[in-house]
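Take a look at the letters that make up each chain.
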Amino acid sequence: MLGDVRLAGEFGGPVKIASPGAPCHTHRMTRINARIDAALARKIRLIRERTKQSTTEVVKASIESYYEAVTREGPPAKLLADLVGSAKGRADLSAKYKQHLAASLGEKADR
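The model shown is predicted, which means the values in this text are computed figures rather than measured ones.

## Regarding the overall build of the protein chain
And then number 1: On a plain count of helices and strands, the protein chain comes out with 4 helices and 3 strands.
And then number 2: What you see in the protein chain, going N to C, is helices and strands ordered as β-β-β-α-α-α-α.
And then number 3: Expressed as a percentage of the 111 residues in the protein chain, the buried residues total 7%.
And then number 4: In the protein chain, the share of contacts with a sequence separation of at least 24, taken over all contacts with a separation of at least 6, comes to 9%.

Take a look at the structure:
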C-alpha cells in the first residue's frame, strides 16, 4: 500500500500504520497492524471477554489511557493534590512515623 509508514515493532515484528490519505475501507481512520506476543494476546482476549468490547475498542481505550498517563502535566504534588490531606492522622506522622509505628506495635504486643 502506498503511503505506509513502517516502524520496528516492539515485539520483533513490524508495526504498519497506514497514512491517513491511504486507501482504506474506513473513512478518515488510520489502520494499525501490530504483532504482539502470546501473553499480550491473552490479555486482550481476557479484556474483550470481560468488557464485551471488540479488539478495536480495547486498543482505542488502551491508547487513550496511556496517552492520558504520558501527557499529564505538572509536578507530582500537583497531580496528587486531591489526595494530600484527605486522610486523618497525627500532624507529625511524616516526621515521626518510626516512633509512632514502634508505639503502635508495642501496644499490640501488650494485648
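Alright, that's what it looks like, and here's the rest.
## Digging into a positive patch on the surface
And then number 1: Taken together, the side chains of Arg42, Lys43, Arg45 and Arg48 present a region of like positive charge at the surface.
And then number 2: Secondary-structure assignment places Arg42 in helix H1 (residues 38-51).
And then number 3: Residue Arg42 is classed as partly exposed on the basis of its relative accessible area, which comes to 48%.

## Quick notes on the side chain of His100
And then number 1: The residue His100 is located in helix H4 (residues 97-110) in this model.
And then number 2: For His100, a relative accessible area of 17% corresponds to the buried category.
And then number 3: Once residues lying within four places of it in the same chain are set aside, the contact partners of His100 are Arg90, Asp92 and Leu93.

## As for a nonpolar patch on the surface
And then number 1: On the surface, Ile32, Val59 and Ile63 cluster together to form a nonpolar patch covering roughly 250 Å² of accessible area.
And then number 2: Structurally, Ile32 can be placed in strand E3 (residues 32-33).

## Section: unusual backbone geometry
Negative phi characterises most residues that are not glycine, and trans characterises most peptide bonds.
And then number 1: In the Ramachandran plot, Lys52 falls in the positive-phi region, its phi being about 60° despite a non-glycine side chain.
And then number 2: Examined against the element boundaries, Lys52 turns out to sit in the loop between H1 and helix H2 (55-71).
And then number 3: For Lys52, a relative accessible area of 72% puts it in the exposed group.

## Some words on the confidence of the model for the protein chain
And then number 1: Averaged over all residues, the pLDDT of the protein chain equals 77, while 73% of them reach at least 70.
And then number 2: Highest mean pLDDT in the protein chain belongs to H1 (95); lowest belongs to strand E1 (residues 4-8) (44).
And then number 3: Within the model, the stretch residues 1-12 combines pLDDT values under 50 with 25 contacts to residues more than four positions away or in other chains.

Reading guide: rules and limits
- Residues numbered from 1 in each chain as written.
- Predicted model: local features only at pLDDT ≥ 70, side-chain atom pairs only at ≥ 80, totals over all residues.
- Heavy atoms only, no water.
- Helix = DSSP H or I, 4+ residues; strand = E, 2+ residues; numbered from the N terminus.
- Buried < 20%, exposed > 50% of the residue type's maximum accessible area, 1.4 Å probe, protein only.
- Contact = heavy atoms within 4.5 Å.
- Patch = residues over 30% accessible without salt bridge, like charges linked within 9 Å, V, L, I, M, F, W, Y side chains within 5 Å.
- Areas by Shrake-Rupley, 256 points an atom, 1.4 Å probe, with all protein chains shown as cover.
- Salt bridge = Lys/Arg side-chain N within 4 Å of Asp/Glu carboxyl O.
- Lys, Arg positive; Asp, Glu negative; His and termini not counted.
- Charge placed at Lys NZ, Arg CZ, Asp CG, Glu CD.
- pLDDT = per-residue confidence, 0-100.

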